[in-house]
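# Analysis of the macromolecular model
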Amino acid sequence: MNNFQYYAPTQVLFGKDTEKEVGALVASFGCKKALVHYGGKSAAKSGLLDRVYRSLDESGVSYVSLGGVVPNPRLAKIHEGIALCRKENVDFILAIGGGSVIDSAKAIGYGVVNEGEVWDFYEQRRAPTDCLPIGCVLTIAAAGSEMSDSSVVTNDDGVKRGYSNNICRLKFAVMNPELTFTLPAYQVACGGVDIVMHTLERWLDPKRTDSELTDRIAVALIKTVIRNALILKDNPRDYNAASEIMWAGSLSHNGLTGCGGSGGDWSTHQIEHELSGMFDVAHGAGLSAVWGTWARYVYKALPSRFAKLGVDVFGIAESNEEDAARLAIDNMEAFFKSINMPISLHELGIDLTEEQVKELAFRGSFFGKRKLGTFYPLDISDLEAIYRAAK
Ligand code: NZQ
Ligand code: ZN
């Protein structure tokens, strides 16, 4: 097994009614004034926001609120949050929502305690030295931001960039699976794809050759998500299925399913980020729309790991490695289809012009400066070919 670091400092409070504890949790971090940060309508409509305010009041925590975070969170809202936190002397951020709200909270957390423009961190021009403490009440199982070191932000020009740093890891995550019952089926399915993808990106790693335990955890996680996503499709209020998916979402992106590897590939994520930056599509749907095309473009550079995915997850008995690899890709796409996720850009509602293909590839290659991925590094012409073929 290769050397690795595993750092998962987030306290998890999991189960029914756990959001009632949130005031006591925030108070336990010595918070004098919190920013309650949330998205569009869902948290207010479900009554969750009121329950959170009540819990904060009961624990004597003062707070100010900032809602309106959109999916694929925007820099303008982050600037608004930084200014508000500075004006109100906020010392803790409580995010109520999913990946978009939590990521917006992380960016605000960087911006409040570091001088200068927060976007610099996402452009990797310089690094933050600290971040405000953050906790969350999670309302959607998907991005895994509640336990990850990452945040992903979109600027005013539609450029979407991720930034990873351990200093933003949440102090706590309150996870009540019942809170996900109000999600539209489309968002549940998007979440299922994203959760699988976070483990799959780490799985497709040539250096992960002697990692039996990590591989078995990864296989269990992917199989659990596939099984329970199908249960939720038929019964969106199945508490146990929602619980399995919610817990999988956190474990899939807190590093656990990559221990002993070299970090994973992540090119599908970057290919998708360009799509959601330009077209504002849901992240999970963007991933499922391009993954199969990407996989067929690169699998011959790492047939062993694709084949092992097929054998371990889908029970493929094929002895020829390349055939097993191809079947694994077919099976993964069949899963995406089975939960009504797109497996092409057209199904995602996008028919790219040649100009858009070139622009996406240019942005995806960090303006021609970088290659994406590890075992098959993709340059700008590879990216153009993948966007064209994903039609
Ligand atoms: O804004 P509201 O009204 O709350 O609606 C949201 C939003 O429209 C809705 N929603 C959330 N919880 C709900 C609900 N609707 C009804 N009932 C509930 N309980 O769902 C929609 C999507 O929410 P969002 O937070 O955008 O979803 P998700 O968690 O998938 O986050 C996506 C963002 O996370 C980034 C993605 O790129 C994207 O920007 N990612 C963040 C990562 C990280 N920080 O580690 C890793 C991921 O790979 C990903 O890139
Ligand atoms: Zn993702």
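Residues numbered from 1 in each chain as written. Chains lettered and ligands numbered in written order. Predicted model: local features only at pLDDT ≥ 70, side-chain atom pairs only at ≥ 80, totals over all residues. Heavy atoms only, no water.

## What about the overall build of the protein chain?
Definition in use: Counting from the N terminus, the helices are DSSP H or I runs at least four residues long and the strands are E runs at least two residues long. Computation of the radius of gyration draws on C-alpha atoms, with the globule rule given as 2.2 Å multiplied by the number of residues to the power 0.38. Burial classes: relative accessible area under 20% of the type maximum marks a residue as buried, over 50% as exposed, and values in between as partly exposed (1.4 Å probe, protein chains only). Here a residue-residue contact requires only that any non-hydrogen atoms of the pair lie within 4.5 Å. Only the protein chains shown count as cover for residues, and the accessible areas themselves come from Shrake-Rupley with a 1.4 Å probe. Charged residues are defined narrowly, with Lys and Arg counted positive, Asp and Glu counted negative, and His plus the chain ends left uncounted. The atoms used to mark charge sites are NZ of Lys, CZ of Arg, CG of Asp and CD of Glu.
Counting its secondary structure elements, the protein chain contains 16 helices and 8 strands. Here the C-alpha atoms of the protein chain give a radius of gyration of 20 Å, agreeing with the 21 Å that 2.2 N^0.38 yields for 391 residues. On the principal axes, the C-alpha backbone points of the protein chain span a range of 65 × 45 × 40 Å. Across the 391 residues of the protein chain, 57% fall into the buried class. Look at the contacts in the protein chain between residues 6 or more apart in sequence, and 76% of them connect residues 24 or more apart. Carbon and sulfur atoms form 50% of the exposed surface of the protein chain, whose accessible area is close to 15,800 Å². Of the side chains in the protein chain, 40 bear a positive and 48 a negative charge, and the two mean positions are spaced by 1 Å.

## Some words on the nonpolar core
So the rule is basically this: The definition of a nonpolar core used throughout is a set of buried Ala, Val, Leu, Ile, Met, Phe, Trp, Tyr and Cys residues joined through side-chain atoms within 4.5 Å. In this document the domain limits rely on a domain assignment from an automatic tool or a database.
With 101 residues, the main nonpolar core has Tyr-122, Ile-271, Trp-291, Trp-294, Phe-306, Met-332 and Phe-336 as its most contacted residues. Mapping this core onto the domain boundaries places at least three of its residues in each of domain 1 (11-179) and domain 2 (185-389). Excluding anything up to four places from it in sequence, Trp-291 contacts Met-197, Leu-200, Thr-268, Phe-306, Ile-329, Met-332 and Phe-336. Counting residues in each nonpolar core, the second largest holds 21 residues, with Ala-34, Leu-48, Tyr-53 and Val-137 among its members.

## Topic: the state of the cysteines
To keep it simple, the criterion reads: When the sulfur atoms of two cysteines come within 2.5 Å, that pair is taken as a disulfide.
On inspection of all chains with the given rule, the structure shows 0 disulfides. Left without a disulfide partner, Cys-85 is nearest to the cysteine sulfur of Cys-131, which lies 10 Å away. Using a relative accessible area of 1% as the deciding quantity, one classes Cys-85 as buried. With no disulfide partner, Cys-168 has as its closest neighbouring cysteine sulfur the one in Cys-131, 5.9 Å distant.

So, to be careful, I would describe these as geometric facts and stop short of saying anything about function.
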